[in-house]
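Descriptive structure summary
These are the residues of each chain, in order.
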Amino acid sequence: MRIKKYVKPKTLQEAYELLKKGKKNQLLAGCTFLRITDTFIDTGIDIMDLGLDYIDKSADFIRIGATTPLRKIELDRNIAAAADDAFAEILGHLIGIQLRNSITIGAHVYSRYGFSDIITLLLALDASVKLYSAGERRLEDFLKDPGERDILTEVIIPLKPRCTRVYSMHNSYSDYAILSVAVAKSGEGWRIAVGARPQRAACAEKAMEYLNSKPYAPGDNKVAAAMAAEELVFGSNTRGSAGYRETICENILIRLIEEAENAGYSVCE
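This text gives an overview of the structure that appears in the document. (Residues numbered from 1 in each chain as written. Predicted model: local features only at pLDDT ≥ 70, side-chain atom pairs only at ≥ 80, totals over all residues. Heavy atoms only, no water.)

On inspection of all chains with the given rule, the structure shows 5 aromatic pairs. Measuring from centroid to centroid gives 5.7 Å for Y110 and F142, while their planes differ by 45 degrees, and the two rings are tilted. On the criterion of sequence distance, the pair formed by Y110 in helix 6 (residues 105-111) and F142 in helix 8 (residues 139-144) is long-range, its members being 32 residues apart. According to the relative accessible area criterion, Y110 is partly exposed, its value standing at 25%. With a centroid separation of 4.8 Å and an interplanar angle of 15 degrees, the aromatic rings of Y113 and F115 are classed as stacked. Taken together, the ring pairs connect Y113, F115 and Y176 into an aromatic cluster. The ring centre of F61 lies 5.3 Å from the NZ or CZ of R63, which sits over that ring. (Phe/Tyr/Trp six-rings, centres within 6.5 Å; stacked < 30°, edge-to-face > 60°. Helix = DSSP H or I, 4+ residues; strand = E, 2+ residues; numbered from the N terminus. Buried < 20%, exposed > 50% of the residue type's maximum accessible area, 1.4 Å probe, protein only. Lys NZ or Arg CZ within 6 Å of the ring centre and 35° of its normal.)

What follows is the structure, given as structure tokens:
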């Protein structure tokens, strides 16, 4: 990346005003992926000292500040308890600890990376994002329509008794995922998300509707998995073909749905 001017604002309001001044103005946080691009930045806006590195737990939510590094999330006990250690499971594939100490959750989510295992899991957990100007929005809606340029300040995970299962298929341990799948079951129903298709993560709406429409019965995992594989759009790249992704999506979901159905709920205490 190339930066013409570097600025370190003292407040979020100042950072937001600088961001809106030009299309080539860019927020800077971990810069892990940005630094390897050839992007030209008119004004680089460093937000690392604006108090957004935190993980706060209340009775109903876990709130994660935008500049919180992924390694901190990986090690947090409350997050582990709320999602059955799913974050640690998927973050372990992300190259190395040094990198996970640099990548920030806000930049990762705001960029809406198609390869993201994290976004897939957050979708299954029905997470929301908080934006400085636009306020709180469901992550699912933000992914479909990010709206105007804004500053993501928080990722919010609702706390509820649930069972969470996640699986990412990789050619090698630290490579980007060929496919990422996450399933969560709570008293409010099922949520199924699939990412690295290689498009960005999306919910399998028809499969969720099917599972939530009636009491679970043997074989429902196979029906729902087939529905998810049919309704979602898959593409091809150097890691795998569309047909391969569709096939493994169905097979992974058969297992994950069954595991979630047979496991007990966990929740932060």
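Sheet topology places strand 9 (residues 162-170) next to strand 10 (residues 177-186); 9 bridges connect them, and they run antiparallel. Opposite R162, over in strand 10, you have S186 as the bridge partner. Between the end of strand 9 and the start of strand 10, which pair antiparallel, lie 6 residues. (Pairing = 2+ DSSP bridges.)

Quick look at helix 11 (residues 242-262) now. Taking 1.5 Å of rise per residue, the 21 residues of helix 11 would be expected to cover 30 Å, and the 30 Å separating its terminal C-alpha atoms lies within 8% of that figure. All of the buried residues along helix 11 are R245, I248, C249, I252, L253, L256, I257 and A260. When helix 11 is viewed along its axis, its buried side chains cluster within an angular range of 165 degrees and face the same direction. Of the surrounding secondary structure, the elements contacted by the buried residues of helix 11 are strand 9, strand 10, strand 11 (189-195), helix 9 (205-212) and helix 10 (220-231). (Expected span 1.5 Å × (residues − 1). Arc of directions from axis to C-beta. Contact = heavy atoms within 4.5 Å.)

Pairing is parallel across the open sheet formed by 3 strands, whose spatial order is 1-3-2. Taken across any chain shown, the strands that pair with only one partner, and hence form the sheet edges, are strand 1 (2-7) and strand 2 (26-28). Averaged over all neighbouring strand pairs, the angle between strand axes comes to 40 degrees, with direction disregarded. Bridge count between strand 1 and strand 3 (residues 40-46): 5 bridges; the pairing is parallel. Looking at the pairing, R2 lines up with F40 of strand 3. (Axes fitted to C-alpha atoms, helices over the stretch in contact; angles between N-to-C directions.)

Moving on, we get to unusual backbone geometry. The residue after R197, namely P198, is reached through a cis peptide bond having omega 10 degrees. Within the fold, P198 resides in the loop between strand 11 and strand 12 (202-203). One non-glycine residue, D85, adopts positive backbone phi at about 65 degrees. Residues other than glycine seldom take positive phi values, yet A196 does so here, at roughly 55 degrees. By secondary structure assignment, the location of A196 is in the loop between strand 11 and strand 12. Since its relative accessible area comes to 3%, A196 is described here as buried.

Of all 8 residues in helix 7 (residues 117-124), 8 are buried; the element is thus mostly enclosed. At the N-terminal end of helix 7, a side-chain oxygen is found 3.2 Å from the backbone nitrogen of I118, two or three residues along, and the residue is S116. Looking one or two places after helix 7, you find D126, whose phi comes out positive at around 60 degrees. (Polar contact = N/O pair within 3.5 Å; in protein donor to acceptor, adjacent residues only side chain to side chain.)

Looking now at the sheet that holds strand 9. Pairing is antiparallel across the open sheet formed by 4 strands, whose spatial order is 9-10-11-12. Across the chains shown, the open sheet's two edge strands, defined by having one partner strand only, are strand 9 and strand 12. Two elements, strand 10 and strand 11, share 7 bridges in a ladder whose sense is antiparallel. Each residue of the ladder has a partner; that of S186, found in strand 11, is G189. Across the sheet, helix 7 lies against strand 9, strand 10, strand 11 and strand 12, angled at about 20 degrees from strand 10, the strand it touches most. In the packing of helix 9 onto the sheet, the strands contacted are strand 11 and strand 12, and the crossing angle to strand 11 comes to about 160 degrees.

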